[in-house]
Amino acid sequence: MNIKDLLPIGSVVLLKEGQKKLMIFGVKQMDSEVREEYDYIGVMYPEGNVGIEGQYLFNHENIDQIFFKGYEDEERDTFISALDQYYTENQ
């Protein structure tokens, strides 16, 4: 997946075969138990963070529907550019 296609934090999505919306609160997250990287980490919407058991790792291709796209500004653009450069140089 192209780093520049990552949804911003705050985006609300429904996963394929999902029954509950998730709000993205992080991108490019590592599952420390299996050492696998995911595009996003999200929490149930509208409940928000209810603890580690309510946090879900998933990839962009798992998204079925986007209900809301989160906030974007120059600071996020700078972050995404730096993230893109890091992945370009380290893959």
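Since the model is a prediction, treat every value here as computed from it, not as a measurement.

Rules used throughout
- Residues numbered from 1 in each chain as written.
- Predicted model: local features only at pLDDT ≥ 70, side-chain atom pairs only at ≥ 80, totals over all residues.
- Heavy atoms only, no water.
- Helix = DSSP H or I, 4+ residues; strand = E, 2+ residues; numbered from the N terminus.
- Buried < 20%, exposed > 50% of the residue type's maximum accessible area, 1.4 Å probe, protein only.
- Contact = heavy atoms within 4.5 Å.
- Areas by Shrake-Rupley, 256 points an atom, 1.4 Å probe, with all protein chains shown as cover.
- Expected span 1.5 Å × (residues − 1).
- Arc of directions from axis to C-beta.
- Polar contact = N/O pair within 3.5 Å; in protein donor to acceptor, adjacent residues only side chain to side chain.
- Pairing = 2+ DSSP bridges.
- Axes fitted to C-alpha atoms, helices over the stretch in contact; angles between N-to-C directions.

Trainee: Describe the overall build of the protein chain, listing the residues and the values that go with them.
Mentor: A count of helical and extended segments in the protein chain gives 1 helix and 5 strands. Going residue by residue from the N terminus, the α and β elements of the protein chain occur as β-β-β-β-β-α. In terms of overall dimensions, the protein chain has C-alpha extents of about 35 × 30 × 25 Å along its principal axes. Scored against the burial criterion, the 91 residues of the protein chain give a buried share of 34%. Sequence-distant contacts in the protein chain: of pairs separated by 6 or more residues, those separated by 24 or more amount to 47%. Summing over all exposed atoms, the protein chain offers an accessible surface of approximately 6300 Å²; the carbon and sulfur share of this is 47%.

Trainee: How would you explain helix H1 (residues 74-89) if you had to name every residue and give the values?
Mentor: Counted at 1.5 Å a residue, the expected span for H1 with its 16 residues is 22 Å, and the 23 Å between its end C-alpha atoms agrees. Of the residues making up H1, those classed as buried are Arg 76, Ile 80, Leu 83 and Tyr 87. An end-on view of H1 places all buried positions within 65 degrees of arc, on one side of the element. Along H1, exposed side chains directed more than 90 degrees from the buried face belong to Glu 74, Glu 75, Thr 78, Thr 88 and Glu 89. Structurally, H1 contributes buried residues whose contacts are with strand E2 (22-31) and strand E3 (36-44). One side-chain oxygen of the residue at the start of H1 lies 3.1 Å from the amide nitrogen of Glu 75, identifying that residue as Asp 73.

Trainee: I'd love a proper account of the sheet that holds strand E4 (residues 55-58), names of residues and values included.
Mentor: Strand order in the open sheet formed by 5 strands is E4-E3-E2-E1-E5, and the pairing between neighbours is antiparallel. Two strands lie at the open edges of the sheet, namely E4 and strand E5 (63-68), each paired on one side alone. Neighbour-to-neighbour, the strand axes of this sheet turn through a mean angle of 40 degrees, independent of strand direction. Alignment of strand E1 (residues 12-15) against E5, held across 4 bridges, turns out to be antiparallel. Residue Leu 14 lies in a different strand from E5, and its bridge partner there is Gln 65.

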